[in-house]
Amino acid sequence: MDKKSTQSENYFVLEEEKTLNWSEVQNAFEKSFGKEIYSSWLSNITLLKEYNDYLVLGVPTRFFRDWIVSRYLDKILQQIKSFKLSLIRVEFKILEDAKSAIIENVKNKDINLVSEIKDSILNYNRLNPNLNFDNFVKGASNEIALTSSKKVCEQTNRYNPLYIYGGVGLGKTHLLNAIGLELKKKTNVMFISTERFMYHFIKSIKKNDMVNFKDFFRKSSVFIIDDIQFISGKEGLQEEFFHTFNSLIEKSSQIIVSADRPPSKLDRVQERIKSRLSGGLIVDIDNPDLELKIKIIKKRINDNQDQFGEKYNISDDVINFIANECKTNIRGLIGILNRVITFGRIHKKTLSTNDCKNILKDVFSQARIITVDKIQNTVSGFFNISLNEMLSQRRSRPLARPRQIAMYLSKKLTTRSLPEIGRRFANRDHTTVIHAVKTITKLLQENEEMSKNINQITSLLLKE
Ligand code: ADP
Ligand code: MG
């Protein structure tokens, strides 16, 4: 791979880091929540850190946080998501604590360390306390992965590296995180996504600070790296990863890796890395069977009830219905369950299977397999243009609009990421896809014809 294309991939990450304009988001809050709620609550939220798929938001006090989370979280997420499509969650940091921590540090004359420590903790060790072994439900599809993960915690270095692979939303990150939480009790743990690893790598090159980077990543006793498939095609990063890997193994640090496929199937990854990754234990997580899905639903309901001190009336019929209908992954399953719970809570009623069918109509129909190819064919057919024209670089509106509609639908109806969608549209950049999604979203609100077209195309897609 030549230098130039590595560079553009690098920029891609950096750009993603600062896409959000917080005052724009605040304006949207004010519009959707109304002046009163906005000025008493939401106007006090500040943006502290932005990552690819989550945000750290600052709030003044603990009480403030609990209030916001219990009442407005869903809507807040939804609002921010309209500006930042990749968002999965937000995390609240209580500034009162932070302030006193800093004051404490200043007292201890550690002034110089403050920003660095803060930075490094936030950036490198984002372990989520809610993803632990206790709430990971065992099933036939994940049993071996779970047992191996626990074994690694009891006895490090027995399998090195431990390599866990499986499709999207099946629990890889959850397991890695659980291992991190467990091992953190006895030793120092580094937990990082491959994307973050890359981000720091690039930042260090730019700042001419590779020495620090190497030191930092090589000193951990446990090194956990999530989604290693993203290393694909990034030569410089692979080089660095290879050396990091070797020096960790040399000093007997435990390495745990996840990916969406086995090492041998990793695309555009150096052979020597694949061989290193295959040198320990490789385990996979498969799609959940019905029994596991039901167990997960029941556990989530129980945990939620305990946590919020509420009682949800969700019958076994409804549970079976969700488990049966949800053909996607566990992440999808939980999303659907949350929707049902929220609906039941708002309407204060015991839901029937029929209610669920209604609530979830769009979800289930979208879950039928709709691919980017299918969308491209349907959209070009609908507008009576050829597929080649639609994918071409020409910018005239009769071609550009359908192209944008097809990108928009690909984002809405498939699970492909923005860069993946871009690639399928004659190798366009992900920012082009973002722009398309924004444009069509806006047009949908203003323009009746657009929503008619989108509805018609969607029903064509869902028909087969
Ligand atoms: P992946 O990293 O494989 O894409 P995640 O670990 O992010 O998947 O899992 C997606 C969601 O499903 C998370 O909310 C996770 O907590 C949940 N999940 C996955 N497997 C299980 C399980 N066996 N028990 C409980 N929750 C699970
Ligand atoms: Mg994951």
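Going by the structure above, here's the rest.
What comes next is a walk through the structure. (Residues numbered from 1 in each chain as written. Chains lettered and ligands numbered in written order. Predicted model: local features only at pLDDT ≥ 70, side-chain atom pairs only at ≥ 80, totals over all residues. Heavy atoms only, no water.)

### A look at the sheet that holds strand β7 (residues 254-259)
For step 1, the next point in the chain: Across the sheet, five strands lie side by side as β5-β6-β7-β4-β8; this open sheet has parallel pairing. For this open sheet the edge positions go to β5 (189-193) and β8 (281-285), each flanked by a neighbour on one side alone. Taking the axes of each pair of neighbouring strands and ignoring which way they run, one obtains an average angle of 15° across the sheet.
For step 2, the next point in the chain: Bridging between β5 and strand β6 (residues 222-226) involves five bridges; their strand directions are parallel. If you follow S193 over to β6, its bridge partner there is D226.
For step 3, the next point in the chain: The strands touched by helix α7 (residues 143-154) within the sheet are β4 (162-166), β7 and β8, with β8 carrying the most contacts at an inclination of about 135°. (Pairing = 2+ DSSP bridges. Helix = DSSP H or I, 4+ residues; strand = E, 2+ residues; numbered from the N terminus. Axes fitted to C-alpha atoms, helices over the stretch in contact; angles between N-to-C directions. Contact = heavy atoms within 4.5 Å.)

### Thoughts on the side chain of K84
For step 1, the next point in the chain: Residue placement: K84 occurs in the loop between α4 (62-83) and β3 (89-94).
For step 2, the next point in the chain: Here the side chain of K84 touches E50 through a polar contact of 2.9 Å, side chain to side chain.
For step 3, the next point in the chain: A polar contact of 2.9 Å, which involves the side chain of K84, links it to the backbone oxygen of Y51. (Polar contact = N/O pair within 3.5 Å; in protein donor to acceptor, adjacent residues only side chain to side chain.)

### Digging into the environment of T432
For step 1, the next point in the chain: With respect to the element layout, T432 can be found in helix α22 (residues 430-446).
For step 2, the next point in the chain: Of the residues examined, T432 reaches a relative accessible area of 32% and is grouped as partly exposed. (Buried < 20%, exposed > 50% of the residue type's maximum accessible area, 1.4 Å probe, protein only.)

### Overview of the site of ligand 1
For step 1, the next point in the chain: Taken together, 17 residues are adjacent to ligand 1, and V137, G169, K172, T173 and H174 come closest.
For step 2, the next point in the chain: With respect to ligand 1, the side chain of K172 contributes an N or O atom lying 2.8 Å from an oxygen atom.
For step 3, the next point in the chain: A distance of 2.9 Å separates an oxygen atom of ligand 1 from a polar atom in the side chain of R331.
For step 4, the next point in the chain: Relative to its free-state accessible area of 550 Å², ligand 1 is covered by the protein chains to the extent of 89%.
For step 5, the next point in the chain: Mapped onto the shell around ligand 1, the elements with two or more residues apiece are α8 (172-184) and α15 (330-347).
For step 6, the next point in the chain: In terms of residue class, the shell around ligand 1 is made up of eight nonpolar, seven polar and two charged.
For step 7, the next point in the chain: The two domains that each donate at least three residues to the shell around ligand 1 are domain 2 (143-285) and domain 3 (290-364). (Near = heavy atom within 4 Å. Areas by Shrake-Rupley, 256 points an atom, 1.4 Å probe, with all protein chains shown as cover. Nonpolar A, V, L, I, M, F, W, Y, C, P; charged D, E, K, R; others polar. Domains from an automatic or database assignment.)

### Description of the packing of aromatic side chains
For step 1, the next point in the chain: Going through the model one piece at a time under the given rule, you end up with 15 aromatic pairs.
For step 2, the next point in the chain: Their ring planes at 70° and their centres at 6.1 Å tell us that F197 and F223 sit as a pair that is edge-to-face. Pair noted here: F197 is in helix α9 (residues 194-206) and F223 is in strand β6, with a separation of 26 residues, a long-range link.
For step 3, the next point in the chain: Relative accessible area serves as the criterion here: at 1%, F197 is assigned to the buried category.
For step 4, the next point in the chain: Residue classification places F223 among the buried residues on the basis of a relative accessible area of 1%.
For step 5, the next point in the chain: Counting every residue linked through ring pairs, the aromatic cluster contains F197, F201, F213, F216, F217, F223, F241 and F245.
For step 6, the next point in the chain: Sitting above the plane of the F33 ring, K75 keeps its charged end 4.6 Å from the centroid.
For step 7, the next point in the chain: Across from the ring centre of F242, 3.8 Å away, lies the NZ or CZ of R272, which sits over that ring. (Phe/Tyr/Trp six-rings, centres within 6.5 Å; stacked < 30°, edge-to-face > 60°. Lys NZ or Arg CZ within 6 Å of the ring centre and 35° of its normal.)

### A look at the packing of helix α18 (residues 372-382) against helix α20 (residues 397-413)
For step 1, the next point in the chain: Where α18 meets α20, the closest approach of the two axes is 9 Å, and the angle between their N-to-C directions is 145°. Crossing of α18 against α20: the hand is right-handed. Residues V372, I375 and V379 of α18 lie in contact with α20, whose contacting residues are P402, I405, A406, L409, S410 and L413.
For step 2, the next point in the chain: A class-by-class count of the residues in the contact of α18 with α20 yields eight nonpolar, one polar and no charged. (Left-handed = near helix turned anticlockwise from the far one by under 90°.)

### Brief notes about the sheet that holds strand β2 (residues 54-59)
For step 1, the next point in the chain: Strand order in the open sheet formed by three strands is β1-β2-β3, with mixed pairing between adjacent strands. Where the open sheet ends on each side, the last strands, each with one partner, are β1 (46-50) and β3. Neighbour-to-neighbour, the strand axes of this sheet turn through a mean angle of 30°, independent of strand direction.
For step 2, the next point in the chain: With six bridges joining them, β2 and β3 adopt parallel strand pairing. Bridging across to β3, V59 finds its partner in I94.
For step 3, the next point in the chain: Against the sheet, α4 makes contact with β2 and β3, and its axis sits at roughly 155° relative to β3, the strand it touches most.

### Side note on the environment of A145
For step 1, the next point in the chain: In this structure, A145 sits in helix α7.
For step 2, the next point in the chain: Separated by 18 residues in sequence, A145 and Y163 have C-alpha atoms that sit 9.1 Å apart.
For step 3, the next point in the chain: With near-sequence residues (within four places) excluded, A145 lies in contact with I164, L175, V283, D284 and I285.

### Considering the packing of α9 against helix α10 (residues 210-218)
For step 1, the next point in the chain: The contact between α9 and α10 brings their axes to 8 Å, and the two run at 150°. Taken together, the axis directions place α9 and α10 in an arrangement best described as roughly antiparallel. Note on element contacts: α10 touches α9 through M210, F213 and F217, opposite F197, H200, F201, S204 and I205.
For step 2, the next point in the chain: Of the residues assigned to the contact of α9 with α10, the class counts are six nonpolar, two polar and no charged. (Parallel < 35°, antiparallel > 145°, perpendicular 65-115°, else oblique.)

### Re the pairing of β7
For step 1, the next point in the chain: Most of β7 is tucked away, with six of its six residues classed as buried.
For step 2, the next point in the chain: Going residue by residue along β7, you find Q254, I256 and S258 tucked away on one face and I255, V257 and A259 tucked away on the opposite face as well.
For step 3, the next point in the chain: The pairing of β4 with β7 spans four bridges and is parallel. Residue pairing for β7: L162 is matched across the bridge by I256.
For step 4, the next point in the chain: In this structure, β6 lies alongside β7, joined through four bridges in parallel fashion. Along β7, the bridge assignment pairs V222 with Q254.
For step 5, the next point in the chain: In this fold, β6 hands off to helix α11 (residues 235-250), which returns the chain to β7; that crossover is right-handed. (Right-handed = clockwise from strand over helix to strand, strands pointing away.)

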